[in-house]
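# Descriptive analysis of the structure
This is what each chain is made of:
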Amino acid sequence: MILSLCTCKDKEDPVPTTLPEATQSGNNTLGFMLDGERWVARTTGTDLPIKCSYKQKKLEIEAMLVDSTRFDILTINATNIDKEGLYIYGDSSQSEGGWTARFFTAPEVCFYTVSPIKVATLEITRLDTIQGIISGNFGFTQVSTTCHTDIETDPECVKLCRDAIITEGRFDALSFP
């Protein structure tokens with residue numbers, strides 16, 4: 001009888017076969033193509049796969065992909081986001097403000113950051129501060145900044161920590177200040 005009261009999650013959610021739709025409803029979804037392979041935020045247990053904050057024109061997004069074989073985290077921080085539209089970073093003639101993106105992946109243990117010479121795009125398709133919904137699209141190239149192995153010159157680490165090209169990125173989130 002005690003076992004029937006347990007609501008423990010013993011199976012992982014199925015792996016998504018497509019990117020999430022580009023919605024604008026606050027569905028708390030995020031996905032992108034990583035070097036041509038699908039990456040969709042999801043977790044096991046009770047953690048939210050995507051967390052978003054928008055306050056004083058600053059957007060912060062954290063997304064996780066956690067399952068039995070990997071633990072990835074993507075963070076995006078952008079400033080001077082004050083309306084819907086296209087923001088281009090890395091080309092000083094296009095947008096004022098700042099942009100950072102970090103990507104950590106395990107078990108490979110690679111850290112990535114946006115290259116200062118690469119262009120990153122962030123398109124805000126919905127910025128609703130009343131309902132707390134922020135949606136948009138993004139894309140950028142990240143370069144490996146650090147490989148942590150027993151020997152830093154390990155050729156396998158170089159192979160695992162190649163530059164990462166992120167395309168077709170999309171998010172639809174509820175924002176918390």
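Along the protein chain, the regular secondary structure elements total 1 helix and 11 strands. Order of helices (α) and strands (β) in the protein chain, N terminus to C terminus: β-β-β-β-β-β-β-β-β-β-α-β. The burial tally for the protein chain puts 40% of its 177 residues in the buried class. In the protein chain, the proportion of contacts linking residues at least 24 apart, taken out of those at least 6 apart, comes to 60%.

Under the definition given, this model contains 4 salt bridges. Note that Glu-60 is salt-bridged to Lys-58, the shortest N-O span being 3.1 Å. Overall, Glu-60 belongs to the partly exposed group, its relative accessible area being 31%. With a relative accessible area of 36%, Lys-58 lands in the partly exposed category. Ionic pairing is found between Asp-72 and Arg-70, a salt bridge with its closest N-O pair at 2.5 Å. By relative accessible area, Asp-72 is classed as buried at 0%.

This part is about the packing of aromatic side chains. Summed over the entire model, instances satisfying the criterion amount to 5 aromatic pairs. Note on Phe-138 and Phe-171: the rings are 6.4 Å apart at their centroids and 35° apart in plane angle, and the pair reads as tilted. In this pair, Phe-138 sits in strand β10 (residues 133-147) while Phe-171 sits in strand β11 (residues 164-174), placing the two residues 33 residues apart along the sequence. Grouping residues by exposure puts Phe-138 and Phe-171 together as buried. What links up through ring pairs into an aromatic cluster is the set Phe-32, Trp-39, Phe-138, Phe-140 and Phe-171.

Looking at the protein chain as a whole, the pLDDT averages 78, with 71% of positions reaching at least 70. Element-level mean pLDDT values for the protein chain span from 51 in helix α1 (residues 155-160) up to 95 in strand β3 (residues 50-55). Note that residues 1-12 has pLDDT below 50 and, in this model, 6 contacts with residues that lie over four places away or in other chains.

A few words now on unusual backbone geometry. Of note in the backbone geometry, Asp-35 takes a positive phi value of approximately 50° without being a glycine. Structurally, Asp-35 is set in the loop between β1 (29-34) and β2 (37-40). A relative accessible area of 29% places Asp-35 in the partly exposed class. Here Glu-168, not a glycine, exhibits a phi torsion of approximately 55°, which is positive.

Turning next to the environment of Ala-78. Along the chain, Ala-78 falls in strand β5 (residues 71-78). Spatially, the C-alpha atoms of Ala-78 and Leu-122 are 8.7 Å apart, while their sequence positions differ by 44 residues. Residues within four places of Ala-78 in sequence aside, it is in contact with Lys-57, Lys-58, Leu-59, Tyr-89, Gly-98, Trp-99 and Leu-122.

In this section: the pairing of β5. Each regular strand shows side chains that alternate between the opposite faces of the sheet. Pairing between strand β4 (residues 58-66) and β5: 8 bridges, direction antiparallel. Its bridge partner lying in β5, Glu-62 is registered against Thr-75. Alignment of β5 against strand β7 (residues 99-105), held across 6 bridges, turns out to be antiparallel. Pairing of Ile-73 across the sheet is with Phe-104, part of β7.

Cut-offs and rules
Residues numbered from 1 in each chain as written. Predicted model: local features only at pLDDT ≥ 70, side-chain atom pairs only at ≥ 80, totals over all residues. Heavy atoms only, no water. Helix = DSSP H or I, 4+ residues; strand = E, 2+ residues; numbered from the N terminus. Buried < 20%, exposed > 50% of the residue type's maximum accessible area, 1.4 Å probe, protein only. Contact = heavy atoms within 4.5 Å. Salt bridge = Lys/Arg side-chain N within 4 Å of Asp/Glu carboxyl O. Phe/Tyr/Trp six-rings, centres within 6.5 Å; stacked < 30°, edge-to-face > 60°. pLDDT = per-residue confidence, 0-100. Pairing = 2+ DSSP bridges.

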